[in-house]
Amino acid sequence: MSEKLAEVLIVEDSASLRKIYTEYLRTADIQVDVAGNLKEAREALELRGYPVILLDVKLPDGDGFEILRELNDQGSQTLVIVMTAHGSIGKAVDAMRLGAYDFLEKPFDSRRLKSTVKSAVAQVENLAERPADEDVDKPKQFHSFIGGSEPMQEVYGLIKRAAPSKASVFITGESGTGKELCAEALHRQSARSDGPFIALNCAAIPKDLMESEIFGHIKGSFTGATANREGAATLANGGTLFLDEIGEMSFDLQTKLLRFIQTGVVQKVGSNKDEVVDVRFICATNREPLDEVRAGRFREDLYYRLHVIPISMPALRDREDDIMLIANQFLNRFSREETKRYDGFSPAAEAVFKQYSWPGNVRELQNVVRNIVVLNQGGIIDVKQLPPPLDSFSAQVKGVASSKTKTTKRRRTKAGGMLASSVAEIRPMAEVERLFIENAINLCDGNVPKAAALLELSPSTIYRKKLAWEEA
Ligand SMILES: Nc1ncnc2c1ncn2[C@@H]1O[C@H](COP(=O)(O)OP(=O)(O)OP(=O)(O)O)[C@@H](O)[C@H]1O
Ligand SMILES: [Mg+2]
């Protein structure tokens, strides 16, 4: 017997089919484990993760789709091949929408089974073999986050350390960096995960309704209050209250919120009855909170109450390693949803993705990939398929490559070195700076973070400068 761990879990209720599939796959040197129903499948999955699952839809104790949903919810990387009855293509489409990797319509022969399973196993190995640094200590996924870069490892570490406590967490970061995902991960990682997670977006609620949204109201307390209503604070009892975009909260309400945080006591609008609740506070803003305090828009005492554990979400441009990892996962997800087949990004498209500054961060990347998947037919995605503003940016990326010889030549003809040898050769500082930065980028084959490290600048400084040069 081989020592190899099984690569495939077969979930199939018919014992004879289980046996046949097992034999088929063994002849292809693929190790399998088997489960006869949902319960056994869940038990097997609890013991260990399988790269690939061959899943029957109709099982004696429920629908195979349940497993698909559960894996999806866990953000699992397991690839699921769904087996559907002959003539039930609708089921197969549903399965793909739910995130299945592929489907097999019964009855299928050994060749079809082997090629489908082999391609899934190869896909998993492909994903796994990329950088050698990945191990349990450096996950590439954490709750709903995708990302294996150093800055994200720090975020995962902070979330793990902060989750068990009741201390307030203050999340900052540019728009689209995953502040909300961070709040959800903190909740799910905590002992309160069985309790409610209530998110309140302070920017989306009209100011005069905000107090009632947080604390609730009693019938008749103001025009429109036609019935008693629970607020987010009481709904979150025993769980987590996420105050998103807290920078938008009015000063008045900040005072009431501070009192609530200090005492744990809530009073509904229009009531003088105290209710004691137990909530953990998480808040987020894409503003710089201390600037808001200095400008007198945010109460300093509230800031210190909430800012117990700060978590700063890194911008996507500062974690270049994550860009293609996230792009490829979104590509898989959206192409499944659209039932299209894409084979990844061309090297040129990858270069554009890696060098673009992503001002809207992961949300922007998500939108770009969705746009590409919806508007094209499949295959390999090249620069031609990139939507704005990446299409115009890609011209500049090519420009970086072709300006290589030009810049080098210019530098050589300039007195053969860095220094001007006559007054006439003295150039404006901004021009010299640009020359140096572009030269460094060229020498690093267009790798901005690498050039930035050697120039001892932050990559975002370079991206900002590049943007300014482009606009000039
Ligand atoms: N690391 C990540 N991996 C996968 N998806 C991500 C990641 N970061 C963000 N996203 C996705 O990007 C979108 C934006 O994330 P989220 O809403 O958490 O950002 P945010 O920082 O709260 O943005 P805003 O400031 O605009 O509210 C969501 O769809 C989220 O699922
Ligand atoms: Mg948000």
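Higher on the page you've got the structure.
Reading the values: the criteria
- Residues numbered from 1 in each chain as written.
- Chains lettered and ligands numbered in written order.
- Predicted model: local features only at pLDDT ≥ 70, side-chain atom pairs only at ≥ 80, totals over all residues.
- Heavy atoms only, no water.
- Core = buried A, V, L, I, M, F, W, Y, C linked by side-chain atoms within 4.5 Å.
- Buried < 20%, exposed > 50% of the residue type's maximum accessible area, 1.4 Å probe, protein only.
- Helix = DSSP H or I, 4+ residues; strand = E, 2+ residues; numbered from the N terminus.
- Contact = heavy atoms within 4.5 Å.
- Pairing = 2+ DSSP bridges.
- Axes fitted to C-alpha atoms, helices over the stretch in contact; angles between N-to-C directions.
- Polar contact = N/O pair within 3.5 Å; in protein donor to acceptor, adjacent residues only side chain to side chain.
- Phe/Tyr/Trp six-rings, centres within 6.5 Å; stacked < 30°, edge-to-face > 60°.
- Lys NZ or Arg CZ within 6 Å of the ring centre and 35° of its normal.

**Q** Explanation requested: the nonpolar core in the structure shown.
**A** A general feature of soluble globular proteins is that nonpolar side chains tend to end up buried together. Grouped together as the largest cluster of nonpolar side chains are 30 residues, with contacts concentrated most on Leu-241, Ile-246, Leu-257, Phe-260, Phe-281 and Leu-306. The greatest single-element share of this core, amounting to five residues, is contributed by helix α10 (residues 251–263). Look past the residues within four positions of Leu-257 in its chain and what remains in contact with it is Phe-215, Leu-243, Ile-246, Met-249, Phe-281 and Leu-302. One finds Leu-316, Met-324, Leu-386 and Leu-390 within the second-largest nonpolar core, a separate group that totals 29 residues.

**Q** How should I be thinking about the sheet that holds strand β17 (residues 280–285) in this particular structure?
**A** Think of a sheet as strands paired side by side through backbone hydrogen bonds, with each pair either parallel or antiparallel. Reading across from one edge, β11-β14-β17-β10-β18 is the order of the five strands in this open sheet, with parallel pairing throughout. In this open sheet, the two strands that pair with only one neighbour each are β11 (197–201) and β18 (309–312). The average angle at which neighbouring strand axes cross in this sheet is 20°, direction not considered. Here strand β10 (residues 169–172) pairs with β17 via four bridges, running parallel. Across the sheet, residue Ile-171 finds its bridge partner in β17, namely Ala-284. In the packing of helix α6 (residues 150–162) onto the sheet, the strands contacted are β17 and β18, and the crossing angle to β18 comes to about 155°.

**Q** Would you mind going over the side chain of Ser-394 with me for this structure?
**A** Looking at the element boundaries, Ser-394 is found in helix α16 (residues 390–413). Overall, Ser-394 belongs to the buried group, its relative accessible area being 5%. One polar contact links the side chain of Ser-394 to the main-chain carbonyl oxygen of Asp-391, over a distance of 2.6 Å. Ser-394 has contacts with Val-352 and Val-383, leaving out every residue within four places of it along the chain.

**Q** Could you clarify how one ought to interpret the packing of aromatic side chains in this entry?
**A** What describes a pair of aromatic rings is the distance from one ring centre to the other and the angle between the planes of the rings. All chains considered together, the criterion is met by 13 aromatic pairs. Ring plane angle 80° and centroid distance 5.7 Å describe the contact between Phe-215 and Phe-260, whose orientation is recorded as edge-to-face. In this pair, Phe-215 sits in helix α8 (residues 207–215) while Phe-260 sits in helix α10, placing the two residues 45 residues apart along the sequence. Note on accessibility: Phe-215 and Phe-260 belong to one class, buried. Note on Tyr-303 and Tyr-304: the rings are 4.9 Å apart at their centroids and 75° apart in plane angle, and the pair reads as edge-to-face. Members of the aromatic cluster, each reached through a chain of ring pairs, are Phe-345, Phe-353, Tyr-356, Trp-358 and Phe-393. Taking NZ or CZ as reference, Arg-48 lies 4.2 Å from the ring centre of Tyr-50, over its face. Positioned above the aromatic ring of Phe-334 is the side chain of Arg-370, whose terminal nitrogen or guanidinium carbon lies 4.1 Å from the ring centre.

Honestly, that's just the spatial picture; any functional story needs more than this.
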